[in-house]
Amino acid sequence: MDKKRILLITTGGTIMSVPSEQGLQPGADEAALVRFPGSEAYDVSVYSLMTLDSSNIQPEEWALIAAAIYEKRGGYDGVVITHGTDTMAYTASALTFMLPGIDRPVVLTGSQLPISNILSDAYANLQCAFAMAASGINGVFIAFDRQVFLGCRAVKVRTTDFHAFESVNFPPVAEINSHGLAISGAYKPEAGRKCALRNGVSSHVALMKLIPGVEPRLFSAFADAGCQGLVIEAFGSGGINFLRRDIVAEIRKLVARGVIVVICSQCLYEATDMTVYEVGRRALECGAVPAGDMTTEAAVTKLMWLLEQGLSHDEVTALLRENLHGEISI
Ligand code: ASP
């Protein structure tokens, strides 16, 4: 049987880090990444795109990664991207929107311990990522700790534990168990769409987490600084204070200035429902858009992406509520 052809794109992260006087820095030899047990089952090509800690991966790098996948994918059955874990969920979400109709499995992975460490989780994560990349299931995924998550549903939830990611409000797409790579069936790949590269995103988006007593003047500062979109992590199912410090009034002012305000929850699981409490309804009436059960990472990257698609304010607002690639449950 022919080996599956997999393109491995490297971007840096702990998986490729080596100790230095400044702390761990990306810089390990890429060849080590294709020496995991079972790697000989694949025909692997390595493309070294960048060598960054993922804290330094920003919209410009997302655009480069998306373009590399789009341009090079033709000769391959799947793509694996090694990436730092810290912002991997943002990159996975951004790539989901930037590559509509993706016609290959694109799987991001990394590790909590550098591959050079004999106790590293890198090999298990690479095994899982390559198996998913060879699965023929199109989409953007994160493979970590023997599980595969839809990229736009994954969140990094632990700083050191090997079980660093969880899939929020959507079951894992697959896991490694005694059947090998067991596909859960929860995810249905999109069909009948031609893959496109839409890698423009706006950097004029900010995220604000509410705290009791938050200073209302901070909100106009976002618009003053050029923000076109603001994601607010509100309380519980979307509560926003209006007594004494009237944040609802600040949202009304932002909306009047053309800023799109999206409301996520500070709770990791389940959805916002801004119709339940007065503290939600008032903000809804001001034109804030509820994020439903989107992760903060998905809401932020979806808003950044929509703002660069040449859409009207109303179209952006409507699409935020729609399910484009599995990021929101309707
Ligand atoms: N700081 C690293 C990064 O995100 C952490 C990791 O890869 O686990 O690049």
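Residues numbered from 1 in each chain as written. Predicted model: local features only at pLDDT ≥ 70, side-chain atom pairs only at ≥ 80, totals over all residues. Heavy atoms only, no water.

Colleague: Would you explain helix α2 (residues 88–98) in this entry?
Modeller: Burial analysis of α2 places 10 of its 11 residues in the buried class, which makes it a mostly covered element. Looking at α2, one finds that the buried residues are M88, A89, T91, A92, S93, A94, L95, T96, F97 and M98. (Buried < 20%, exposed > 50% of the residue type's maximum accessible area, 1.4 Å probe, protein only. Helix = DSSP H or I, 4+ residues; strand = E, 2+ residues; numbered from the N terminus.)

Colleague: Can you help me understand the site of the ligand in this one?
Modeller: Near the ligand, the surroundings consist of G13, T14, D53, S54, G84, T85, D86, S111 and Q112. T14 is positioned such that a nitrogen or oxygen atom in its backbone is 2.9 Å from an oxygen atom of the ligand. D53 places a polar side-chain atom, nitrogen or oxygen, 2.9 Å from a nitrogen atom of the ligand. When the ligand is considered free in solution it has 270 Å² of accessible area, and contact with the protein chains removes 89% of it. (Near = heavy atom within 4 Å. Polar contact = N/O pair within 3.5 Å; in protein donor to acceptor, adjacent residues only side chain to side chain. Areas by Shrake-Rupley, 256 points an atom, 1.4 Å probe, with all protein chains shown as cover.)

Colleague: I would appreciate a short explanation of the pairing of strand β6 (residues 105–109) in the present structure.
Modeller: On a regular strand, each side chain points to the face opposite its neighbour's, so the side chains alternate between the two faces of the sheet. In terms of burial, β6 is a largely internal element, five of the five residues being buried. Here β6 shows a buried face lined by P105, V107 and T109 and a second buried face lined by V106 and L108. Two elements, strand β5 (residues 78–82) and β6, share four bridges in a ladder whose sense is parallel. Of the residues in β6, the one forming a bridge with V79 is V106. Here β6 pairs with strand β7 (residues 139–144) via four bridges, running parallel. (Pairing = 2+ DSSP bridges.)

Colleague: What is the right way to look at the environment of Q22 in this model?
Modeller: Locating Q22 in the fold gives a position in the loop between β2 (17–18) and β3 (25–26). It is 27 Å that separates the C-alpha atoms of Q22 and H163, two residues lying 141 residues apart in sequence.

Colleague: Looking at this model, I keep getting lost on the sheet that holds β6. Mind explaining?
Modeller: Sheet architecture is open: eight strands sit in the order β4-β1-β5-β6-β7-β8-β11-β12, paired in mixed fashion. The open sheet terminates on both sides in strands that have one partner only, identified here as β4 (42–52) and β12 (180–183). The sheet shows a mean angle of 20° between the axes of neighbouring strands, direction not considered. Taken together, the five bridges between strand β1 (residues 4–12) and β5 define a ladder with parallel strand orientation. (Axes fitted to C-alpha atoms, helices over the stretch in contact; angles between N-to-C directions.)

Colleague: Where do I start with the sheet that holds strand β13 (residues 205–209) in this structure?
Modeller: Strand pairing in a sheet is mediated by backbone hydrogen bonds. Such pairs are either parallel or antiparallel. On the basis of which strands lie adjacent, the open sheet formed by four strands has the order β13-β14-β15-β16 and parallel pairing. Among the strands making up the open sheet, the edge pair consists of β13 and β16 (289–290). As defined by bridge partners, strand β15 (residues 260–265) adjoins β16 across two bridges and the pair is classed as parallel. Among the inter-strand pairings, V262 is bridged to a residue of β16, identified as V289. Packed onto the sheet, helix α8 (residues 313–321) meets β15 and β16 and runs at close to 15° relative to β15. (Contact = heavy atoms within 4.5 Å.)

Colleague: I keep staring at helix α7 (residues 296–306) and nothing clicks. Help me out?
Modeller: Note on helix geometry: an α-helix contains 3.6 residues per turn, so any two residues three or four positions apart are oriented the same way. Across the 11 residues of α7, 11 count as buried, placing the element largely inside the fold. Taken together, the buried positions of α7 are occupied by T296, E297, A298, A299, V300, T301, K302, L303, M304, W305 and L306.

Colleague: It is not clear to me how a nonpolar patch on the surface should be interpreted in this structure. Could you clarify?
Modeller: Residues V157, L268 and Y269 make up a contiguous nonpolar surface patch of roughly 230 Å² in combined accessible area. Turning to its location among the elements, Y269 is positioned in the loop between β15 and α6 (278–285). On the accessibility criterion, Y269 (38% relative accessible area) is partly exposed. (Patch = residues over 30% accessible without salt bridge, like charges linked within 9 Å, V, L, I, M, F, W, Y side chains within 5 Å. Salt bridge = Lys/Arg side-chain N within 4 Å of Asp/Glu carboxyl O.)

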